[in-house]
Each structure stands twice: as C-alpha cells, then as structure tokens.
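Tertiary structure, described
Here's the letter readout for the chains.
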Amino acid sequence: MDHLYEKTIKTTEVYKGKIINLEIQEVELPNGKTGSREIVKHPGAVAVVPVTKEGNIVLVKQFRKALNKTIVEIPAGKLEIGEDPLQSAMRELEEETGYKTENLEFLLSFYTSPGFADELIYLYFTDDLQAGMTNMDDDEFLDVLEVSLEEAERMIKDQTIHDAKTAYAINYLRMKESLQS
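Notes on the structure follow. (Residues numbered from 1 in each chain as written. Predicted model: local features only at pLDDT ≥ 70, side-chain atom pairs only at ≥ 80, totals over all residues. Heavy atoms only, no water.)

So, about the overall build of the chain. The helix and strand tally for the chain stands at three helices and 12 strands. Seen along its three principal axes, the alpha-carbon backbone of the chain occupies a region of about 60 × 40 × 30 Å. For the chain, with 181 residues in total, the buried portion stands at 38%. Considering only contacts in the chain between residues 6 or more positions apart, those separated by 24 or more positions represent 56%. Counting only carbon and sulfur atoms, one obtains 51% of the accessible surface of the chain, whose full area is about 10,900 Å². Across the chain, the 20 positively charged side chains and the 34 negatively charged ones have centroids separated by 5 Å. (Helix = DSSP H or I, 4+ residues; strand = E, 2+ residues; numbered from the N terminus. Buried < 20%, exposed > 50% of the residue type's maximum accessible area, 1.4 Å probe, protein only. Contact = heavy atoms within 4.5 Å. Areas by Shrake-Rupley, 256 points an atom, 1.4 Å probe, with all protein chains shown as cover. Lys, Arg positive; Asp, Glu negative; His and termini not counted. Charge placed at Lys NZ, Arg CZ, Asp CG, Glu CD.)

The following block contains the structure:
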C-alpha cells in the first residue's frame, strides 16, 4: 500500500447539488492520527480546442459568477452521468459554438483542483469543423470568438483568458506549431 495513503473512516454528505456534491471525509493519516477532508465531488467535464480552416481558435466569452467577471475559454461542459466523454465533447462544441465535428483527437485528461475536488477534464482537439447550430442551456449566455494564436496568447497575458484548461490549450497549439516548423 502507498505509504502516503489516507484511509477513509467516515463520509458525511453535506450538500447535494445540480453540479457538485460536498462531502466531509474523516481519514486516517499515514502517521495513524485522524484528519478531516472537504471533498467536492464532480461528474467530470470535457473541453475542446477547436481550430478553423483559417487557423483561428474558436473560443467562448462567458461571465463566471464564481470569479465575478467575464473570461474567455475554450468550449467546455459538464459530463452527464454515464455519458461518453467523446460524445459529450462533440455535443458541447456544437451547443456552445455552433460548430460540429466527427473528428476529435483526445489529447489528455487532468484534474482541475486535486487538493479538494475530483473533477477530471477530458481535453480534445479538432481542426475539422463544420457549421452547425448553437443550442445553449437555458441559463447559459456566451459570445463566440475566433482569434489567432497570437491574439490568444495576448489574452492570457492580460488575463482575459484566465483559466488553466484554456491556457494549456493555447500552449499546446503553440507547441504543436513549433514542432511542425
């Protein structure tokens, strides 16, 4: 067994919501003492790095209440329970941007905030976009932008792009471009 492992002794559900649940877990620490962990349970999410035939990155501009500001991000969304991440990514891309694709390349998955949450994001890439129709959720309001890689990098510097998944996606595109040169 991993010498850093924390065995769960007791779990108490504190909150059950539409997007997240919150648990308090009493754990046995590696030194034999007990501790308490606040854990946000999340069904997971998908994100897509969509690039147009002209080489522009398709982004969405959205107000994020948790930050109390508007930021620019790659299209993304929550996985529905039991939903395949690939199908979810295709759905979210079209719902948010109006673009669809049958050709998504899986890049990687990563945990967003492993210190307190179990959210896992599956990240995909496509440069094979066809026009479709947006179909946003009733409580979802956003603008669709198409920007060059250089403009996206400037948006990271001025914190218009201010989230890790999007910053990673932009850096991935820059790295991919430099490898092709």
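In this structure, Val49, Leu59 and Leu173 are the most contacted members of the largest nonpolar core, which totals 23 residues. Sorting elements by how many residues they give to this core places helix α3 (residues 164-180) first, with four residues. Sequence-distant contacts of Val49, that is, excluding residues within four places in its chain, are made with Ile74, Leu107, Leu123, Tyr124, Phe125, Thr126, Ala169 and Leu173. Formed by 11 residues, the second largest nonpolar core is a distinct cluster that contains Val46, Met90, Tyr99 and Leu104. (Core = buried A, V, L, I, M, F, W, Y, C linked by side-chain atoms within 4.5 Å.)

With that settled, the discussion passes to a nonpolar patch on the surface. Judged by side-chain polarity, Val14, Tyr15, Ile19 and Ile20 come together as a nonpolar surface patch covering roughly 360 Å² of accessible area. For Val14, the location among the structural elements is in strand β1 (residues 7-16). (Patch = residues over 30% accessible without salt bridge, like charges linked within 9 Å, V, L, I, M, F, W, Y side chains within 5 Å. Salt bridge = Lys/Arg side-chain N within 4 Å of Asp/Glu carboxyl O.)

Moving on, we come to the sheet that holds strand β6 (residues 69-73). On the basis of which strands lie adjacent, the open sheet formed by three strands has the order β6-β5-β12 and antiparallel pairing. Looking along the sheet, the strands with just one partner apiece sit at the ends: β6 and β12 (142-147). Ignoring which end each strand starts from, the neighbouring axes of this sheet average 25 degrees apart. As judged from the five bridges shared by strand β5 (residues 57-64) and β6, these two strands associate in the antiparallel manner. Each residue of the ladder has a partner; that of Gln62, found in β6, is Ile71. (Pairing = 2+ DSSP bridges. Axes fitted to C-alpha atoms, helices over the stretch in contact; angles between N-to-C directions.)

Within the secondary structure layout, Lys165 lies in helix α3. The spacing of Lys165 and Val58 is 107 residues in sequence and 14 Å in space, taken between C-alpha atoms. Setting aside residues up to four positions removed in sequence, Lys165 forms contacts with Ala47, Glu73, Ile74, Ala76, Phe110 and Ile121. Here Asp163 takes part through its side chain, which lies 2.7 Å from a polar atom of the side chain of Lys165. (Polar contact = N/O pair within 3.5 Å; in protein donor to acceptor, adjacent residues only side chain to side chain.)

On to the sheet that holds strand β3 (residues 34-41). The strands making up a sheet associate through backbone hydrogen bonding, with each pair oriented either parallel or antiparallel. Taken in spatial order, the three strands line up as β1-β2-β3 in an open sheet, and their pairing is antiparallel. With partners counted over all chains shown, the strands left at the sheet margins are β1 and β3, one partner each. Sheet twist, expressed as the mean angle between neighbouring strand axes with direction ignored, is 20 degrees.

Relative to the elements of secondary structure, Gln62 occurs in strand β5. A distance of 3.2 Å separates polar atoms of two side chains, one belonging to Gln62 and the other to Arg64. Setting aside its immediate chain neighbours within four residues, Gln62 contacts Lys69, Thr70, Ile71, Glu73, Glu140, Phe141 and Leu142.

On to α3. With 17 residues, α3 extends 24 Å between its outermost C-alpha atoms, agreeing within 8% with the 24 Å of an ideal straight helix rising 1.5 Å per residue. All buried positions along α3 are accounted for by Lys165, Thr166, Ala169, Ile170, Tyr172 and Leu173. Considered in projection along α3, the buried side chains sweep an arc of 155 degrees and stay on one side of the axis. In α3, the exposed residues that point more than 90 degrees away from the buried face are Ala164 and Leu179. (Expected span 1.5 Å × (residues − 1). Arc of directions from axis to C-beta.)

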